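Notes for the structure review
Chain residues, written in single-letter form:
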Amino acid sequence: MESSRIKKEIFFKHFTKPILKPVGKAERTKSIMSVTFAMNGLPTPADAHLEVKFQEKKSGLKIENNDISNTKEFFKMFSISYTKKEQKTIINAGYCLSMYLGMPINDVYTIILTFKDNYQRFLESKKMHPVDYSLLSYAKAINKHYEYKEAPKEFLDIAHAPYPDFDLLNTNVRNVFTAKAEKMTFGWGRKPYDNPEEAYDFLQKRFNEKINVVEGRIAHKEVVFNDEKMTKLFAIHMSKDVTSDDVHSLPNGLFTRSKSIRPLTKEEEKSYGKVIKLG
């Protein structure tokens, strides 16, 4: 039977179900102007794509001309939704779960869809929402629970970020980024990083969190699916307001010295060059 088709503008009215609670004596809450994925705890483009696919399967309805329903675009969104380490965590969790359930393991996209489907069922069984327990948290729990070897290298190599790997950053860039992380976490008790590489991961996570999906579209107007442009955008944001005093105030263990940087190979110089320029 041919599936029914609905336009993306109508999709959210049908399938997003935020819980509205009266505030004080108010009978209605006018502050909710529109239904968005973010309200349901789905802040990333990758999560939004998976939610669309899950709802299509669940309802038998086909989403018409939706920006985030294209398989090819998913991996672009995946790369700006999670850091490389997080992407590998999700891919590996999908692989482990697919093996355990005896589901097809033909490609990364298939195992991630299987993973999303089981994640949704888990939430429903616990009467929780994604905002209560994130997709990434579920992935970490799966990897911890199922003691399988890592997913095949060709699967894990799908993980990609539009920013250079940490070992390709020069000394100055590392220190500027670490100083930015220190400014962002000023006054925090326990920092979410213990070294410059973890600080770089932290900045990527914070940058990714700014990229939300509203009504099937990426809301952040500056986001582009181009590594070089995204790298420059990231560098601009993450070097802003960082002074030389901030850099020289970095404590031992967070300050990078030149001798700890490995030289780039000729191939890397050709591929990356000066990818990140600050100032």
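Here we summarise the structure given alongside this text. Not measured: the values here are computed from a predicted model.

**A few points about the nonpolar core**
By size, the foremost hydrophobic cluster in this structure holds 27 residues, and its most contacted members are Phe78, Ile90, Ile91, Ile112, Phe115 and Ile142. Listing elements by their share of this core, those giving two or more residues are helix H2 (45-59), helix H3 (71-81), helix H4 (84-101), helix H5 (108-125), helix H6 (135-145) and helix H7 (153-156). What Ile112 contacts, discounting residues up to four positions off in sequence, is Leu50, Phe74, Phe78 and Ile91. Counting residues in hydrophobic clusters, the runner-up holds 21 residues, among them Ala181, Tyr200, Val223 and Met238.

**Digging into the packing of H4 against H5**
The N-to-C vectors of H4 and H5 enclose an angle of 80°; their axes lie 8 Å apart at closest approach. As summarised for this structure, H4 and H5 are arranged roughly perpendicular, according to the angle between their axes. Residues Ile90, Ile91, Ala93, Gly94, Tyr95, Leu97, Ser98 and Leu101 of H4 pack against Val108, Ile111, Ile112, Thr114, Phe115 and Asn118 of H5. Broken down by class, the residue content of the contact of H4 with H5 amounts to ten nonpolar, four polar and no charged.

**Focus on the packing of aromatic side chains**
The full count for this structure, using the stated rule, is 19 aromatic pairs. Residues Phe75 and Tyr109 carry aromatic rings whose centres are separated by 6.3 Å and whose planes lie at 65° to one another, so their mutual orientation is edge-to-face. In this pair, Phe75 sits in helix H3 while Tyr109 sits in helix H5, placing the two residues 34 residues apart along the sequence. When its relative accessible area of 28% is taken as the criterion, Phe75 is described as partly exposed.

**Notes on helix H9 (residues 196-209)**
Spanning 14 residues, H9 covers 20 Å between terminal C-alpha atoms, matching the ideal 20 Å at 1.5 Å per step. The set of residues buried in H9 consists of Pro196, Ala199, Tyr200, Asp201, Phe202, Leu203, Gln204, Phe207 and Asn208. Of the surrounding secondary structure, the elements contacted by the buried residues of H9 are H3, H4, helix H8 (171-184) and helix H10 (227-239). Two or three places before Glu197, at the opening of H9, Asn195 has a side-chain oxygen 3.2 Å from that residue's backbone nitrogen.

**A short note on the side chain of Asn92**
Relative to the elements of secondary structure, Asn92 occurs in helix H4. Ignoring any residue separated from it by four or fewer positions in sequence, one finds Asn92 in contact with Asn143, Lys149, Glu150, Ala151 and Leu156.

**Regarding H6**
Owing to its 3.6 residues per turn, the α-helix aligns residues three or four sequence positions apart on the same side. Buried within H6 are the following residues: Leu135, Leu136, Tyr138, Ala139 and Ile142. Burial along H6 is one-sided: seen end-on, the buried residues are contained in an arc of 155°. Turned more than 90 degrees off the buried face of H6, the exposed positions are Lys144 and His145.

Thresholds, definitions, all that
Residues numbered from 1 in each chain as written. Predicted model: local features only at pLDDT ≥ 70, side-chain atom pairs only at ≥ 80, totals over all residues. Heavy atoms only, no water. Core = buried A, V, L, I, M, F, W, Y, C linked by side-chain atoms within 4.5 Å. Buried < 20%, exposed > 50% of the residue type's maximum accessible area, 1.4 Å probe, protein only. Helix = DSSP H or I, 4+ residues; strand = E, 2+ residues; numbered from the N terminus. Contact = heavy atoms within 4.5 Å. Axes fitted to C-alpha atoms, helices over the stretch in contact; angles between N-to-C directions. Parallel < 35°, antiparallel > 145°, perpendicular 65-115°, else oblique. Nonpolar A, V, L, I, M, F, W, Y, C, P; charged D, E, K, R; others polar. Phe/Tyr/Trp six-rings, centres within 6.5 Å; stacked < 30°, edge-to-face > 60°. Expected span 1.5 Å × (residues − 1). Polar contact = N/O pair within 3.5 Å; in protein donor to acceptor, adjacent residues only side chain to side chain. Arc of directions from axis to C-beta.

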